[in-house]
Amino acid sequence: MTIGLTYDLRSEYLKMGFSEEETAEFDKEDTIEAIENTLHQLGYQTERIGHLKQLVGKLAAGHRWDLVFNICEGMYGIGREAQVPALLDGFNIPYVFSNPLVLALTLDKGLTKRVIRDAGLPTPDFAVVYKITDIETVHLNFPLFVKPLGEGTGKGINSHSIVNNFTELSNTCQALLKTFEQPVLVETFLSGREFTVGITGTGELAATTGTMEILQRENAEKGLYSYSNKENYQSLIDYIALEEEPLKSQCENLALKSYKLLQCEDGGRVDMRMDGAGVLHFLEINPLAGLHPVHSDLPILSRLNGVSYNELMKRIMDSATKKLIRSNK
Ligand SMILES: Nc1ncnc2c1ncn2[C@@H]1O[C@H](COP(=O)(O)OP(=O)(O)OP(=O)(O)O)[C@@H](O)[C@H]1O
Ligand SMILES: [Mg+2]
């Protein structure tokens, strides 16, 4: 079986003139190599395709694959993560990870929270600020947390994200609206412990690969898992496999319920945090979780819980190939 690989290689975009921050979510060569090597070890053949436009070129030239392993984040628009799977659907080519509807929905953290809240799952109260005058209509109690509506990898998240009064709210919203040219999500600040849960599988077969707690060291940016804390995690963050019960089960229940509700496929990661009273809340879901074998949260948390990179990839591929069997029937 030949697996095509679609990905956004950071170095290619840097060469094209995009900035470090614009390309922060894109992958490094060693991630693609790790995925490729692991797929070979699992008995698959692979062919590198690359980003959306390279996929378009190959499709036009008549290339086809049995399955595409897709980790493209996309460059333009709120639907950018959905573009590659949408194109592959158009050619009836199956792919690993979620469908366009899931990837478009979950990139919008506000709409995702509406679905989560509608199902009665806990997530902080929030408002979406489209233009700066909208802050007049934010009726939430301080402190609040302010972040871009549709980014990942901690982009736009720093010490100014926690705001304690109207002036700080206005300043951070203004800065984010300008920098990211997209709406801003304003949420109740959760001051408690933070966890992330790994999941593989689809629907009823979805299962966790483990849960880890994210602990900031003394010298880390305080109170949040920010862009700079993520970039420098080796010196600033401690990751601990969560074993404490019933907390571990509570984290995994919330993660699995959210993942199934949002109809994620094959694998992903759910981020959550406790409020001051110790109640767990859904923060966001990552249906295209980073897959760097050493530095990405999903492989790290899986490894801490005894699931190797090879095993993680095997579980993802087992899920994807089950879908393949179903779609060929
Ligand atoms: N409402 C909140 N209250 C407290 N902390 C928050 C809140 N929202 C986000 N954070 C902090 O900011 C971090 C990043 O937020 P979030 O997970 O939404 O961003 P992201 O860039 O999508 O992350 P990822 O790297 O997982 O894609 C969280 O891990 C958490 O530490
Ligand atoms: Mg996150």
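Cut-offs used in this document
Residues numbered from 1 in each chain as written. Chains lettered and ligands numbered in written order. Predicted model: local features only at pLDDT ≥ 70, side-chain atom pairs only at ≥ 80, totals over all residues. Heavy atoms only, no water. Buried < 20%, exposed > 50% of the residue type's maximum accessible area, 1.4 Å probe, protein only. Helix = DSSP H or I, 4+ residues; strand = E, 2+ residues; numbered from the N terminus. Pairing = 2+ DSSP bridges. Donors = N, O, S within 2.8 Å, 3.2 Å for Na, K, Ca; no water. Arc of directions from axis to C-beta. Contact = heavy atoms within 4.5 Å. Polar contact = N/O pair within 3.5 Å; in protein donor to acceptor, adjacent residues only side chain to side chain. Domains from an automatic or database assignment. Buried area = accessible area lost by both parts, 1.4 Å probe. Salt bridge = Lys/Arg side-chain N within 4 Å of Asp/Glu carboxyl O. Nonpolar A, V, L, I, M, F, W, Y, C, P; charged D, E, K, R; others polar. Core = buried A, V, L, I, M, F, W, Y, C linked by side-chain atoms within 4.5 Å. 1 Å grid on protein atoms, 1.4 Å probe; cavity = no way out; pocket = protein on both sides within 12 Å on 5 of 7 lines; lining within 4 Å. Points joined across faces, edges and corners; volume = space filled by probe spheres on them.

(A) Expanded view of the pairing of strand β9 (residues 194-200). With 7 of 7 residues buried, β9 is to be regarded as a mostly interior element. Every second residue of β9 is oriented toward a common face, with Glu194, Thr196, Gly198 and Thr200 on one face and Phe195, Val197 and Ile199 on the other, all of them buried. Where β9 meets strand β10 (residues 207-216), 7 bridges bridge the pair, whose relative direction is antiparallel. Looking at β10, one finds that Val197 is bridged to Thr211.

(B) Highlighting the coordination of the magnesium ion (ligand 2). All of the protein donors around the magnesium ion (ligand 2) are Asp271 (OD) and Glu284 (OE); their distances to the metal are 1.9 to 2.0 Å. Here Asp271, found in strand β12 (residues 267-274), pairs with Glu284, found in strand β13 (residues 280-286); they are 13 residues apart in sequence, far enough to count as distant. Of the two residues examined, Asp271 and Glu284, each falls in the buried class.

(C) Region of the structure containing the environment of Gly79. Checked against the element boundaries, Gly79 lands in the loop between β3 (67-70) and α4 (83-90). For Gly79, a relative accessible area of 27% gives the class partly exposed. Taking the C-alpha atoms as reference points, Gly79 and Ser161, separated by 82 residues in sequence, lie 25 Å from one another.

(D) View of helix α5 (residues 100-107). Inspection of α5 places Pro100, Val102, Leu103, Thr106 and Leu107 among the buried residues, and these make up the whole buried set. Along the long axis of α5, the arc covered by the buried residues comes to 165°, so they all point the same way. Here the buried face of α5 lies against α4, β4 (95-96), α6 (109-118) and β13. With a side-chain oxygen positioned 2.9 Å from the backbone nitrogen of Leu101, the residue opening α5 is Asn99.

(E) A look at the domain arrangement of the protein chain. One can read the domain layout of the protein chain as domain 1 (2-104), domain 2 (125-188) and domain 3 (194-328). Once you take the C-alpha centre of each, domain 1 and domain 2 turn out to be 31 Å apart. Contact residues are listed per partner, giving 6 residues for domain 1 and 8 residues for domain 2. When domain 1 packs against domain 2, close to 500 Å² is buried across both sides, 45% of that on carbon and sulfur atoms. Considering only the surface of domain 1 that becomes buried against domain 2, Glu21, Glu25 and Arg80 emerge as the three largest contributors, covering 72% of it. Glu151 is the partner of Arg80 in a salt bridge, and the nearest nitrogen-oxygen pair spans 3.5 Å. Summed over the shared surface of domain 1 and domain 2, the number is 4 residue pairs in polar contact (both at pLDDT 80 or more). Tallied by class, the residues present in the side of domain 1 that touches domain 2 amount to 2 nonpolar, no polar and 4 charged.

(F) View of the nonpolar core. One finds Ile35, Leu39, Phe69 and Leu291 to be the most contacted residues of the largest nonpolar core, which totals 28 residues. Elements with a minimum of two residues in this core: β1 (2-6), α2 (29-41), β3 and α12 (309-328). Counting residues domain by domain, this core receives three or more from each of domain 1 (2-104) and domain 3 (194-328). For Ile35, the residues in contact, after removing those within four places along its chain, are Leu5, Phe69, Ile71, Leu291, Tyr309 and Met313. Core analysis: the second largest hydrophobic core is formed by 22 residues, Val102, Ile116, Leu247 and Ala255 among them.

(G) View of empty space enclosed by the protein. Under the counting rule described, the total for this entry stands at 1 cavity of 30 Å³ or more. Lining the largest cavity are Leu5, Thr6, Tyr7, Ile32, Ile35, Phe69 and Ile71. Every element with two or more residues in the lining of the largest cavity is listed here: β1 and α2. Classifying every residue of the lining of the largest cavity gives 6 nonpolar, 1 polar and no charged.

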